[in-house]
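Chain residues, written in single-letter form:
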Amino acid sequence: MNMNIIEGHLTAEGMKIGLVVGRFNSFIVDSLVKGAIDTIVRHGGSMDNIDQVMVPGAFEIPVVVQKMAASGKYDTVVALGAVIRGGTPHFDYVAGECVKGIGQVALSSGVPVSFGVLTVDSIEQAIERAGTKAGNKGEECTLAAIETVNVLKQL
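The rules we used
Residues numbered from 1 in each chain as written. Predicted model: local features only at pLDDT ≥ 70, side-chain atom pairs only at ≥ 80, totals over all residues. Heavy atoms only, no water. Pairing = 2+ DSSP bridges. Helix = DSSP H or I, 4+ residues; strand = E, 2+ residues; numbered from the N terminus. Axes fitted to C-alpha atoms, helices over the stretch in contact; angles between N-to-C directions. Contact = heavy atoms within 4.5 Å. Salt bridge = Lys/Arg side-chain N within 4 Å of Asp/Glu carboxyl O. Buried < 20%, exposed > 50% of the residue type's maximum accessible area, 1.4 Å probe, protein only. Patch = residues over 30% accessible without salt bridge, like charges linked within 9 Å, V, L, I, M, F, W, Y side chains within 5 Å. Areas by Shrake-Rupley, 256 points an atom, 1.4 Å probe, with all protein chains shown as cover. Core = buried A, V, L, I, M, F, W, Y, C linked by side-chain atoms within 4.5 Å.

## Considering the sheet that holds strand 4 (residues 113–120)
Okay, step 1: A sheet is described by the order of its strands in space; here four strands give the open sequence 2-1-3-4, paired in parallel fashion. One side of each edge strand has no neighbouring strand; the edge strands of this open sheet are strand 2 (50–55) and strand 4. With strand direction ignored, the average angle separating the axes of adjacent strands in the sheet is 15 degrees.
Okay, step 2: Across the sheet, helix 1 (residues 26–42) lies against strand 1 (17–22), strand 2, strand 3 (76–84) and strand 4, angled at about 155 degrees from strand 3, the strand it touches most.

In structure tokens form, the structure reads like this:
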């Protein structure tokens, strides 16, 4: 008995990719965006097939992700941002609603949405995840988006 294994390839050739980017904490988010774009191009994607939409912060990301996913123009949408814990419960509300909204869009639209919004306890943790010792989460979530698009094409 043979098992059929379906795996996605890491090629972005011909893919139309939307990036939704929260401006808040841009000193971190800019590195995530650079990682995402570099990943797309290194995997055969074209700058001409990338649309980047800027929003004020992480709380606003889900509604724009939803609009892009519903448009039918994009193979995948990548959400990028950074929420850094402060001294109030504001972090919990913003981070929680961002992840919940993005997850709902992915499930309801059928369009792969990749979560590249850092939710961290400190600026140091954010820096580590934006391209230093913990890698670049913009790169990682973009690779996941590309692979998921290619898996779905096979189903």
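Still to come is the rest of the account.
## Considering the pattern of salt bridges
Okay, step 1: For the coordinates displayed, the defined rule picks out eight salt bridges.
Okay, step 2: For arginine 42, the salt bridge identified is with glutamate 139, shortest N-O distance 3.9 Å. Of this pair, arginine 42 sits in helix 1 while glutamate 139 sits in helix 5 (residues 137–154), and the two are 97 residues apart along the sequence.
Okay, step 3: On the basis of relative accessible area, arginine 42 is assigned to the partly exposed category, the value being 48%.
Okay, step 4: Given a relative accessible area of 28%, glutamate 139 falls into the partly exposed group.
Okay, step 5: Across the pair lysine 100 and glutamate 97 runs a salt bridge whose closest N-O atoms are separated by 3.2 Å. In this pair, lysine 100 and glutamate 97 both sit in helix 3 (residues 90–109), three residues apart, roughly one turn of the helix.
Okay, step 6: Bridged by salt links that share partners, the residues Asp38, Arg42 and Glu139 form one connected network.

## With respect to a nonpolar patch on the surface
Okay, step 1: Nonpolar side chains collect at one region of the surface, where Ile6, Leu152 and Leu155 lie side by side and expose about 290 Å² of accessible area between them.
Okay, step 2: Among the structural elements, leucine 152 can be located in helix 5.

## What to know about the nonpolar core
Okay, step 1: Counting 25 residues, the largest nonpolar core has Ile17, Leu19, Val78, Leu80 and Leu118 as the members making the most contacts within it.
Okay, step 2: If you list the elements that add at least two residues to this core, you get strand 1, helix 1, strand 3, strand 4 and helix 5.
Okay, step 3: Top element by residues in this core is helix 1. It accounts for seven residues.
Okay, step 4: Counting 21 residues, the second-largest nonpolar core is a separate cluster that includes Val55, Ala58, Ala79 and Ile102.

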